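Structural overview for review
Given next are the chains, with one letter for each unit.
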Amino acid sequence: MQNCLTDGRIRVSAVNILLIRVSSLGDVLHNMPVVNDLLHHYPDATIDWVTEEAYVNLVRLHPGVRRIIPFALRRWRKSLTSAGTRREIADFCRALRQETYDLILDTQGLLKTGILMGLAKSSPGGKKAGLANGTEGSGYEGISRIFHDQSVPVDNRTHAVLRGRLVAAAAAGYTVDTPANFGLQAPATLPEDSLWKPAGPYAVFFHSTAGAAKKWPRACWVEIATCLQEYRLPILLPWGNPEEKAEADAMAAVMPNATVLPALSMRAATLLAQSARLAIGVDTGLTHIAAAYETPTIEIYCASPRWKTEGNWSPQIVNLGDNGSPATPAEVRQAIQFLLPARTVPAA
């Protein structure tokens, strides 16, 4: 039977779907519930995903994604004239056009993602759908609409997770009426994880983020570390570059219960977030990964709007502060008491 779209509804359950969401870490993560929504309504669907090569392993954690097509524009830009880069681009285009799709979704709304949508092949009667507009402060590029068969409008203050869910729902003919479900499997635990991962429960501070304004003051972290001594939770401090490591070292110097971690791979950093007894972090990708796994998480907003990315799908996530109004240590302590009601955290 030919797959087709009629009156906004996919008429058969066995459909081929392509998701286009290439960057960044948080945005790719926030697109995961689209996979769960589509498979809930079309259990026999096959779903492929185009994403930047840096996030392939993250997308791979969702068992509902059949094929991941790595997009390496960030790397290709550095050597567009080289023969090797041109071969890679040609290989990518062949991989993108290897299948025909009944539904192609661009949930990012940029010119580059629109071009990818334009390159992808629709089946007879298939549909290409994307955002009709951006949200407040987003990097939306209206020219992306020229590649759409259907452009889906969203409110100016639509949550980052809900945006993609609404595009998929409007294109595939269903309603978003459940909390977001990210559907992520736990990352594999490898022998080398024993070098950094405690045997028992731990807390992790995701203190690092791009932009000084989004950081929480060091004195506040120190105060919360003192609070966690009552719970007998060791604190792990990850970092991603030399500047962040220097900050982690400075924090650990005044936190007797804190340890600075070695450099971690993306897999290990995801395991760190997923396995924590408690994650506390600023508005950054690893904090959002912890929230996606419904790890008990406290999200601290200092210089970004909370409505955009707050974890609103689980009571295990507490969101504090807002743009220009950071959370206080007292508020974080109260959240810890809510998430960890027992003073003594039992061994894992």
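See the structure printed just above.
Note that the structure is predicted; figures quoted are calculated from it, not measured.

Contact pair helix 8 (residues 218–229) / helix 13 (residues 329–339): the axes reach a minimum separation of 10 Å and the direction vectors enclose 30°. Classified by the interaxial angle, the pair formed by helix 8 and helix 13 is roughly parallel. By crossing handedness, the relation of helix 8 to helix 13 is classed as right-handed. Along the contact surface, helix 8 presents Cys220, Glu223, Ile224, Cys227 and Leu228, while helix 13 presents Pro329, Val332, Arg333 and Ile336.

Let us now look at the packing of aromatic side chains. Tallied over the entire structure, the rule returns six aromatic pairs. Their ring planes at 40° and their centres at 4.8 Å tell us that phenylalanine 205 and tryptophan 221 sit as a pair that is tilted. Of the two residues, phenylalanine 205 sits in strand 9 (residues 203–206) while tryptophan 221 sits in helix 8, which places them 16 residues apart along the sequence. With respect to burial, phenylalanine 205 and tryptophan 221 carry one shared label: buried. Arranged with centres 5.1 Å apart and planes meeting at 90°, the rings of tryptophan 216 and tryptophan 221 form a pair that is edge-to-face. For tryptophan 221, a relative accessible area of 1% corresponds to the buried category. Members of the aromatic cluster, connected to one another through ring pairs, are Phe71, Trp76 and Phe92. Of note, lysine 245 hangs over the ring of tryptophan 239, and the distance from its end group to the ring centre comes to 6.0 Å.

Let us now look at unusual backbone geometry. Phi is mostly negative for residues that are not glycine, and the peptide bonds are mostly trans. At the junction of serine 23 and serine 24, the peptide bond is cis and its omega measures out at -10° in the coordinates. Within the secondary structure, serine 24 is located in the loop between strand 3 (16–20) and helix 1 (25–30). For glutamate 294, which is not glycine, the phi dihedral falls at a positive 60°. Mapping glutamate 294 onto the fold places it in the loop between helix 11 (285–292) and strand 13 (297–301).

To continue, consider helix 5 (residues 83–96). Over its 14 residues, helix 5 runs 20 Å from end to end, which matches the ideal 20 Å to within 8%, given 1.5 Å per residue. Among the residues making up helix 5, those that are buried are Thr85, Phe92 and Leu96. End-on view of helix 5: buried residues confined to an arc of 35°, all on one side of the axis. In helix 5, the exposed residues that point more than 90 degrees away from the buried face are Arg87 and Arg94. Where the residues of helix 5 are buried, they touch strand 3, strand 4 (46–52), strand 5 (67–71), helix 4 (73–76), strand 6 (100–106) and helix 6 (111–119).

Each value, and the rule that gives it
Residues numbered from 1 in each chain as written. Predicted model: local features only at pLDDT ≥ 70, side-chain atom pairs only at ≥ 80, totals over all residues. Heavy atoms only, no water. Axes fitted to C-alpha atoms, helices over the stretch in contact; angles between N-to-C directions. Helix = DSSP H or I, 4+ residues; strand = E, 2+ residues; numbered from the N terminus. Parallel < 35°, antiparallel > 145°, perpendicular 65-115°, else oblique. Left-handed = near helix turned anticlockwise from the far one by under 90°. Contact = heavy atoms within 4.5 Å. Phe/Tyr/Trp six-rings, centres within 6.5 Å; stacked < 30°, edge-to-face > 60°. Buried < 20%, exposed > 50% of the residue type's maximum accessible area, 1.4 Å probe, protein only. Lys NZ or Arg CZ within 6 Å of the ring centre and 35° of its normal. Expected span 1.5 Å × (residues − 1). Arc of directions from axis to C-beta.

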